[in-house]
Amino acid sequence: MVSYNIFSQMAEDPELARATGVRMRVATFFFQKPISEDPETYNKVQELKNSGVKCVRHGFELIEEELGRGAHSELKDAYQHLAPVIDTDQYMVWLTGRVVSLGAELRHAEITHRLLDIEADLLHQFKADAIVNCTGLGAMVTAADDNVYPLRGCLIRVKNDGFSMPKVTKALCVPHDDSKADMGNSEDLVFIVPRSEKVLLLGGSVEPHEWGLDLNLDNSALVRTMLDRCVNFLPALKNAELIDDFPVAVGLRPFRKGNVRLGAAGGSSNNKLSIRAGSRIVHNYGHGGSGFTLSHGCAEEVVQIVQRMLESHRDTHCDSCTQSTMLGVQVESQRYSM
Ligand SMILES: Cc1cc2nc3c(=O)[nH]c(=O)nc-3n(C[C@H](O)[C@H](O)[C@H](O)COP(=O)(O)OP(=O)(O)OC[C@H]3O[C@@H](n4cnc5c(N)ncnc54)[C@H](O)[C@@H]3O)c2cc1C
């Protein structure tokens, strides 16, 4: 809820919403069986109702309300809520500016070794108090973590200016149905999201362990099928016009088997991977397809871990240490790869 609340506040302030590209949209999720028959989704809806997420509704009537009478007889249930939708290109530019305005100096360089092996050199070189490792898939190198792998995803980008088709203002999603054993990870997924005032995203796809980024409507059956699925779901999309200079976005979600890794490399975790007592590295990677959703909550936790780490370091080295401040924390990279 930390990120949800922060993004909601950004969207509510017209000036901040314009600058960050964050908007609140109604998002509806459709299902081919009653949600009550799927404990995982049922619990999720109950959690949403009790969480403070805005405008949560659940019911069969949402299908007709959102898609029209008689549409999609295969759909049996739906829930909806107000969700932050972020124009991530715009948001990352704003966020970078914000970090710089707070005093950060950004330097781009590739880390080619496990951070633990070069920690002392890096702390010295950058006169840093701590290192926060946010390298996503790069954690294969920076934390020697074999649990990290890519989940490739594609999105088709079409014009949403209201000319070639009626403007879509709400997000519509059919999540993957795990019970369909004959289907791959994402062959039933529908993801129709107005990302900005002019761009509508159509998707989606999930391909584990795929690294290639050269996918488009000409060379990939998966991308073409994805478009067909969206048009079949929302027939008005048959007139949709691709965005000429950037019709298909392909990205690698930095997934980590088990879970996100968030914690000090000097911590007392049972996982012995890249851990050393006294280390001043804090890992924060492996957010998969939820990096924006989890961003503010994880960042708050990182700040607390760094503060605790520096306090304990000060206690044990009080003769030699100087005052440590968060300004000394170096963020390894703010580049964005989507
Ligand atoms: C199709 C698609 C749809 C998505 N939809 C959503 C969504 O709806 N909601 C959501 O929350 N998330 C979504 N995501 C996921 C989201 O984009 C990621 O979770 C997020 O970008 C992860 O951020 P990160 O900073 O941890 O990793 P990254 O964005 O991968 O950034 C890691 C950075 O570390 C740098 N780096 C890596 N290795 C090194 C090294 N050795 N030395 C120096 N620098 C290094 C990289 O250059 C990069 O800049 C989606 C992703 C895709 C592909």
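Scroll up to find the structure.
Cut-offs and rules
Residues numbered from 1 in each chain as written. Predicted model: local features only at pLDDT ≥ 70, side-chain atom pairs only at ≥ 80, totals over all residues. Heavy atoms only, no water. Helix = DSSP H or I, 4+ residues; strand = E, 2+ residues; numbered from the N terminus. Buried < 20%, exposed > 50% of the residue type's maximum accessible area, 1.4 Å probe, protein only. Contact = heavy atoms within 4.5 Å. Areas by Shrake-Rupley, 256 points an atom, 1.4 Å probe, with all protein chains shown as cover. Salt bridge = Lys/Arg side-chain N within 4 Å of Asp/Glu carboxyl O. Polar contact = N/O pair within 3.5 Å; in protein donor to acceptor, adjacent residues only side chain to side chain. Pairing = 2+ DSSP bridges.

A. Looking closely at the overall build of the chain. A tally of regular secondary structure across the chain gives nine helices and 13 strands. In the chain, which comprises 338 residues, the proportion classed as buried is 40%. For the chain, long-range pairs separated by at least 24 residues make up 71% of all intrachain contacts whose partners lie at least 6 apart in sequence. Here the chain has roughly 18300 Å² of accessible surface; of this, 52% comes from carbon and sulfur atoms.

B. Focus on the environment of alanine 27. Here alanine 27 is to be found in strand S1 (residues 22–31). Residue classification places alanine 27 among the buried positions, given a relative accessible area of 5%. Spatially, the C-alpha atoms of alanine 27 and isoleucine 192 are 9.5 Å apart, while their sequence positions differ by 165 residues. Not counting residues within four places of it along the chain, the set of residues in contact with alanine 27 comprises Tyr79, Gln80, His81, Ala83 and Ala171.

C. Seen up close, the pattern of salt bridges. What the rule picks out here adds up to 15 salt bridges. Here arginine 107 and glutamate 105 are joined by a salt bridge, their closest N and O atoms 2.9 Å apart. We classify arginine 107 as partly exposed; its relative accessible area is 45%. Here the salt bridges do not stand alone but share partners, grouping Arg23, Arg25, Lys167 and Glu197 into one network.

D. Structural view of the side chain of serine 196. Among the secondary structure elements, serine 196 is positioned in the loop between strand S7 (190–194) and strand S8 (199–203). A relative accessible area of 10% means that serine 196 is categorised as buried. A distance of 3.1 Å separates the side chain of serine 196 from the backbone nitrogen of valine 199, its partner in a polar contact. Setting aside residues up to four positions removed in sequence, serine 196 forms contacts with Arg23, Arg25 and Asp87.

E. Structural context of the pairing of S1. Of all the ten residues making up S1, seven are buried; the element is thus mostly covered by neighbouring parts of the structure. Note: S1 against strand S3 (residues 77–86), ten bridges, orientation antiparallel. In the strand pairing of S3, phenylalanine 29 is matched with tyrosine 79. Of the pairings in the sheet, the one linking S1 to strand S6 (residues 171–174) comprises three bridges and is parallel in character. Residue pairing in the sheet places alanine 27 in a bridge with alanine 171 of S6.

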